[in-house]
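# Remarks on the overall topology
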Amino acid sequence: MQITLNGQLQNIENSQTVADLLEELQIAHKKTVVERNGTIVIEEFHQQEGLMDGDRIEIIHFVGGG
Amino acid sequence: MNTEERFSRQRLFHGIGWEGQERLQEAHVIMVGAGALGSLTAETLVRAGVGKLTLIDRDYVEESNLQRQQLYTEADAEACTPKAEAAKKRLLDIRSDASIEIIVGEADPALLENCMPADLIIDGLDNMETRLMINDTALKHQIPWIYGACVGAYGLSYTVRPGQGPCLRCLMKGIPMEGETCDTVGIIAPAVQFVSATQVTEAMKLLTHSFEQLRGTLWSFDVWSNESSSIYVDSLQDKDCPSCGESPAYPALAWSGRSKAETLCGRDAVQVKPLPDMQVSLEQTADVHKQHLSKANQHLLVLNIENKRLVLFKDGRAIIHGVSGEVEARSLYQRYIGG
C-alpha cells in the first residue's frame, strides 16, 4: 500500500494499523504524535486504527538532544 | 556603537519595526542550556538586541562540542571552560553592551525561581526531565516557553503558551525512555541550526507581540531524508493535566517529582533513581546501546561508557561508577537511559 508519510510517498509492506507502522518505522518505543488524514490518533487507538491506501500520515516523535 | 545603525536592517523588516525593536530591547529571556542549540540561539538573540539574557548550563566545553556549538573555541576546550562562561565572553565580544547573566549549574526549580521575572524561557536542554521542570515553571509564572530538540539530522519544536493550547506534558504523557541521543547516533550542525532558527523566530514573534504569526503547531523535520511534518495539536490539551489543567499541581517542581542522585558511601559510585512515571526496558536499552554493552542478565545490564560503568537495574535505578559527582551521574543517566 502507498501512503504519504510526512509529505513523502512511501510504500508500506507490513503494516495494517498505526501501531504496525510505528513498529515498521522502528519508533514504537518512542513518544509520538500521530495524525491520519488530518485527525490525531491518540496512543490508546494506535492498535485499532487501520491504514488505507492513499492515507496521509504525519508522525512526530520526541527526542531529547540539544 | 550606534544602536540605530546596528539594528537598522531588523527594524526595516515589516514584522518588527521601531516598536518591535524596542520590545526586544526591553525583554528578559532565560536560555536553559548552552550546548548546540543554546549557544546558537543565545548568539542570535544577543545580535538581535534582546535586553537581557540569562544563560544557564551545567557543563564545560569539550573538543567534541566544537563541530556544532558555535560560540566555543579550541582554547575553551583545552581549558575545560564552563560553557556559560565561555559563551558570555564570546557574546560580549559580539555586543559589548549586552546584559548577560550566567549561571554555571544544574537548572532546578529554585534556581529558575531566582531568575524571574522573565518574558520567555527557551529550551536548549539535553534531557526531558528538566524540560518538564521548565514546562511547569513557565506555566506557574504564566510565561511562554519554546521546546526545541534535535538528534542526527532530525529536529522538532513546539511553543507552549499558558492558556493557549496544550503544554509539553499534555503532548508527551509521561517521560520517554531515551533511545537515540547525540552521544549515540551523532548530530549534524544543520539540524541544530534549523531548530534554533525556528525557536528564535517564535521568540521574536512572542517578544514583539506578533501573536497571530506564531506557528501554532508541533513541527518536525529531517534535513537528511527531507521529511517534514506539522501537526495541530490543540485536541491533545488535557483539562486534567497536572501542569496546565484546571487545578495545576506542577509536579516537576516538587522534590518527589525529580530523579534522585546519591553518592554511595565508600564505593566511588553514584546511584540515580528515575522519575516515578518513567518506564525502563532493559531489552530496549541493551539494543540501543549495543556498542557499550558489556554484560546483561534478567535483573540488570552493564554499559561501559567513556571509562565509566553504568549498571542499570530492571526497576530503572542505575549505579554509575567513575563519575566525578552527582551532577555528572545524573547527566550521564539522562543522556543514555532517559528522563
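Check the entry above for the structure.
I will try to describe carefully the structure that is included in this document. Values in this document were obtained by computation on a predicted structure and should not be read as measured data.

Attention now moves to the overall build of chain A. Along the backbone of chain A there are one helix and five strands. For chain A, the sequential pattern of α-helices and β-strands runs β-β-α-β-β-β. Here chain A has a C-alpha radius of gyration of 11 Å; the compact-globule value for 66 residues is 11 Å, and the two agree. For the C-alpha atoms alone, the extent of chain A along its principal axes is close to 35 × 25 × 20 Å. Relative to its full complement of 66 residues, chain A shows a buried share of 50%. Of all intrachain contacts in chain A linking residues separated by at least 6 positions in sequence, the fraction that spans at least 24 positions is 55%.

The next subject is the pairing of strand S8 (residues 227-231) of chain B. All names here are of chain B. Only one face of S8 is covered, namely the one carrying Glu-227, Ser-229 and Ile-231; the face carrying Ser-228 and Ser-230 has none of its residues buried. Both strand S7 (residues 218-222) and S8 contribute to a ladder of five bridges, which runs antiparallel. Note that in S8 the partner of Asp-222 across the bridge is Glu-227.

All names here are of chain B. Strand order in the open sheet formed by six strands is S9-S10-S14-S13-S12-S11, and the pairing between neighbours is antiparallel. Sheet topology places strand S9 (260-264) and strand S11 (293-296) at the edges, where each strand pairs with a single neighbour. Averaged over all pairs of adjacent strands, the angle between their axes in this sheet comes to 20°, without regard to strand direction. Bridging between S11 and strand S12 (residues 300-305) involves three bridges; their strand directions are antiparallel. Bridging from a neighbouring strand, Lys-295 pairs with Val-302 of S12. The strands that helix H13 (residues 326-336) touches are S9, strand S10 (269-273), S12, strand S13 (308-313) and strand S14 (318-321); relative to S10, the one it contacts most, it runs at about 50°.

Bringing unusual backbone geometry into the picture now. Residues and elements named next belong to chain B. A cis amide bond links Met-116 with the next residue in sequence, Pro-117, at an omega value of 5°. Relative to the helices and strands, Pro-117 is located in the loop between helix H7 (109-115) and strand S4 (120-123). In this model, Cys-80 sits at a positive phi of 50°, which is unusual for a non-glycine residue. Within the secondary structure, Cys-80 sits in the loop between helix H5 (74-78) and helix H6 (83-94). Exposure remark for Cys-80: the relative accessible area of 40% places this residue in the partly exposed category. Its identity as a non-glycine residue notwithstanding, Gln-142 has a phi of 55°, on the positive side. The residue Gln-142 is located in the loop between helix H8 (128-140) and strand S5 (145-151) in this model.

In this section: the packing of helix H4 (residues 36-48) of chain B against helix H11 (residues 189-207) of chain B. For any two helices packed against each other, one specifies the inter-axial angle together with the distance between the axes. Residues and elements named next belong to chain B. Contact pair H4 / H11: the axes reach a minimum separation of 9 Å and the direction vectors enclose 40°. With respect to H11, the element H4 is oriented oblique. In the packing of H4 onto H11, the handedness of the crossing is right-handed. On H11, the residues touching Ala-36, Leu-37, Leu-40, Thr-41, Thr-44, Leu-45 and Ala-48 of H4 are Val-192, Gln-193, Val-195, Ser-196, Gln-199, Val-200, Ala-203 and Met-204. Residues belonging to the contact of H4 with H11 are distributed by class as follows: 10 nonpolar, five polar and no charged.

Okay, H6(B) next. Residue and element names in this part refer to chain B. With 12 residues, H6 extends 16 Å from end C-alpha to end C-alpha; this agrees with the ideal 16 Å at 1.5 Å per step. Residues of H6 that are buried: Lys-83, Ala-84, Ala-86, Ala-87, Leu-91 and Ile-94. End-on, the buried residues of H6 take up no more than an arc of 160°, which puts them together on one face. Turned more than 90 degrees from where H6 packs its buried face, Lys-89 and Asp-93 sit exposed.

Let us now look at the interface of chain A and chain B. Of the residues lining the interface, 20 residues belong to chain A; the matching set on chain B comes to 41 residues. Between chain A and chain B the total buried area reaches about 2,300 Å² when both faces are included, carbon and sulfur atoms providing 59% of it. The largest per-residue losses of area from chain A upon contact with chain B belong to Ile60(A), Phe62(A) and Gly66(A), which jointly make up 27% of the total buried on that side. Applying the counting rule to chain A against chain B returns zero salt bridges. The tally of links from chain A across to chain B stands at 14 residue pairs in polar contact (both at pLDDT 80 or more). When contributions to the side of chain A that touches chain B are tallied by element, the ones reaching two or more residues are strand S2 (8-11), strand S3 (32-36) and strand S5 (56-61) of chain A. Sort the elements by how many residues they give to the side of chain A that touches chain B and S5(A) lands first, with four residues.

Quick notes on the rules
- Sequence order as written defines the numbering, with residues in each chain counted from 1.
- Each chain takes a letter, starting from A, and each ligand takes a number, starting from 1, following the order in which they are written.
- At least 70 in pLDDT is required for a residue's local features to be given in this predicted model, at least 80 for side-chain atom pairs to be given and counted, and no such filter applies to totals for whole chains, interfaces and linings, which use all residues.
- With hydrogens and water excluded, all non-hydrogen atoms of the structure serve as input to the side-chain values.
- The way it works is that DSSP assigns letters per residue, a run of H or I at least four long becomes a helix, a run of E at least two long becomes a strand, and they are numbered from the N terminus.
- Note that the radius of gyration is over C-alpha atoms, with the globule rule given as 2.2 Å times the number of residues to the power 0.38.
- Relative accessible area decides the class of each residue, using a 1.4 Å probe on protein chains only: under 20% of the type maximum gives buried, over 50% gives exposed, and in between gives partly exposed.
- Residues are treated as being in contact if the distance between any of their heavy atoms lies within 4.5 Å.
- Strand pairing is assigned whenever DSSP identifies at least 2 bridges connecting the two strands.
- Between the N-to-C directions of two axes lies an angle of 0 to 180 degrees, each axis being a line fitted to C-alpha atoms and, for a helix, fitted only over the stretch in contact.
- These descriptions rest on fixed angle ranges, namely under 35 degrees for roughly parallel, over 145 for roughly antiparallel, 65 to 115 for roughly perpendicular, and the rest for oblique.
- Left-handed describes a crossing whose near helix is turned anticlockwise from the far helix by less than a right angle; the clockwise case is right-handed.
- For this classification, the nonpolar set comprises Ala, Val, Leu, Ile, Met, Phe, Trp, Tyr, Cys and Pro, the charged set comprises Asp, Glu, Lys and Arg, and every other residue, Gly included, is treated as polar.
- Helix span is expected to be 1.5 Å times the residue number reduced by one.
- Each direction from the helix axis to a C-beta atom contributes to the arc, which is the arc of those directions.
- For any pair of parts, buried area is found by adding up, for both, the accessible area (1.4 Å probe) each one loses once the two are put together.
- Any carboxyl oxygen of Asp or Glu that lies within 4 Å of a side-chain nitrogen of Lys or Arg is treated as forming a salt bridge with it.
- Whenever a nitrogen or oxygen atom comes within 3.5 Å of another N or O atom, the pair is scored as a polar contact, on the condition that within protein one atom can donate a hydrogen and the other can accept it, and that pairs from neighbouring residues in sequence are kept only if both atoms are in side chains.

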